[in-house]
Every structure is written in structure tokens, then in C-alpha cells.
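What follows is each chain in one-letter form.
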Amino acid sequence: MYWLFLLLALGGFMLALSTTKMWLLVLALVASLVFLLLWVKGLYAARISGVISDSPRPLHPAELQALRDQFKPKGADASAPAPAAAAPVAPAASPTTPPAPPQDPNQP
């Protein structure tokens with residue numbers, strides 16, 4: 001819609017260039033300036049509205065539960081079952097090989 005203001009502004013400038021009457025020249029220049037400002041305002045509003053008005057989507061209940069589990073304090077979960085078996089101990093590394101990075105028990 002705001003592109004129509006640009007077309008009207010260009011039409012006003014063309015009218016101002018082609019007229020021989022002074023009052024019509026001034027009127028056409030003022031109208032084309034107003035239409036040009038309205039076009040810039042519409043362009044700005046269209047660019048900014050796509051960035052600012054994006055509302056976040058609601059989270060799925062599974063995502064909410066995963067976030068709660070992630071930020072839950074370590075000692076607060078007393079009802080959680082203890083791990084059934086301890087992780088196997090890796091053999092001692094030789095001095096020439098770099099040590100293996102520790103594994104996260106939460107990762108598969």
C-alpha cells in the first residue's frame with residue numbers, strides 16, 4: 001500500500017515539471033513532498049514491524065519440562081532413582097596418548 005505513495009509523489013513531481021502556472025507548481029511540489037514522506041514512513045513501518053512485533057511462540061509441554069529439568073537444582077531431586085550401575089572405568093592412559101575427554105552421563 002505504501003508504494004502507492006511513491007507513485008503519487010512521482011506523479012506530483014512530473015506535474016510540477018510540466019505546469020506553467022506558479023500556484024499549481026507549488027501545490028504539486030507540496031503534495032509530492034507529503035506523499036514522499038508518507039512513503040518513507042510506510043517503508044520504515046514495514047521494515048520495523050517485521051522485527052519488533054514478532055511474538056515468541058508458546059513452548060510445547062515437553063520443551064517446558066526439559067527446561068525445568070535443566071534448571072532444577074542438583075540436590076532438589078531426592079525422589080529420582082539412583083543409577084543402577086556405575087559407569088565403567090576407562091583403563092589408564094599411557095603417557096604418550098592424550099587423556100580422553102570426560103563423558104556426560106546425560107548424553108546417549
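Participant: Looking at this structure, I do not really get the environment of Ala-9. What am I missing?
Facilitator: Take Ala-9: it is sitting in helix H1 (residues 2-18). Sequence separation between Ala-9 and Ala-28 is 19 residues; the distance between their C-alpha atoms is 8.8 Å. Not counting chain neighbours up to four residues away, the residues in contact with Ala-9 comprise Ser-32, Phe-35 and Leu-36.

Participant: Just checking my understanding: could you explain H1 for this structure?
Facilitator: Each α-helix winds once per 3.6 residues, and so residues spaced three or four apart point in a common direction. Compared with an ideal rise of 1.5 Å per residue, which puts 17 residues at 24 Å, H1 spans 25 Å between its outermost C-alpha atoms and is within 8% of the ideal. Listed in full, the buried residues belonging to H1 are Ala-9, Gly-12 and Ala-16. Projection of H1 onto a plane perpendicular to its axis shows the buried side chains occupying an angular sector of 60°, all on one side. Pointing more than 90 degrees away from the buried face of H1 are the exposed residues Leu-7, Met-14, Leu-17 and Ser-18.

Participant: Teacher, can you tell me more about the side chain of Thr-19 here?
Facilitator: Within the secondary structure, Thr-19 sits in the loop between H1 and helix H2 (22-52). According to the relative accessible area criterion, Thr-19 is buried, its value standing at 19%. From its side chain, Thr-19 meets the backbone nitrogen of Lys-21 in a polar contact 3.4 Å long. Setting aside anything within four residues of it in sequence, one finds Thr-19 in contact with Leu-24 and Leu-25.

Criteria and thresholds
- Residues numbered from 1 in each chain as written.
- Predicted model: local features only at pLDDT ≥ 70, side-chain atom pairs only at ≥ 80, totals over all residues.
- Heavy atoms only, no water.
- Helix = DSSP H or I, 4+ residues; strand = E, 2+ residues; numbered from the N terminus.
- Contact = heavy atoms within 4.5 Å.
- Expected span 1.5 Å × (residues − 1).
- Buried < 20%, exposed > 50% of the residue type's maximum accessible area, 1.4 Å probe, protein only.
- Arc of directions from axis to C-beta.
- Polar contact = N/O pair within 3.5 Å; in protein donor to acceptor, adjacent residues only side chain to side chain.

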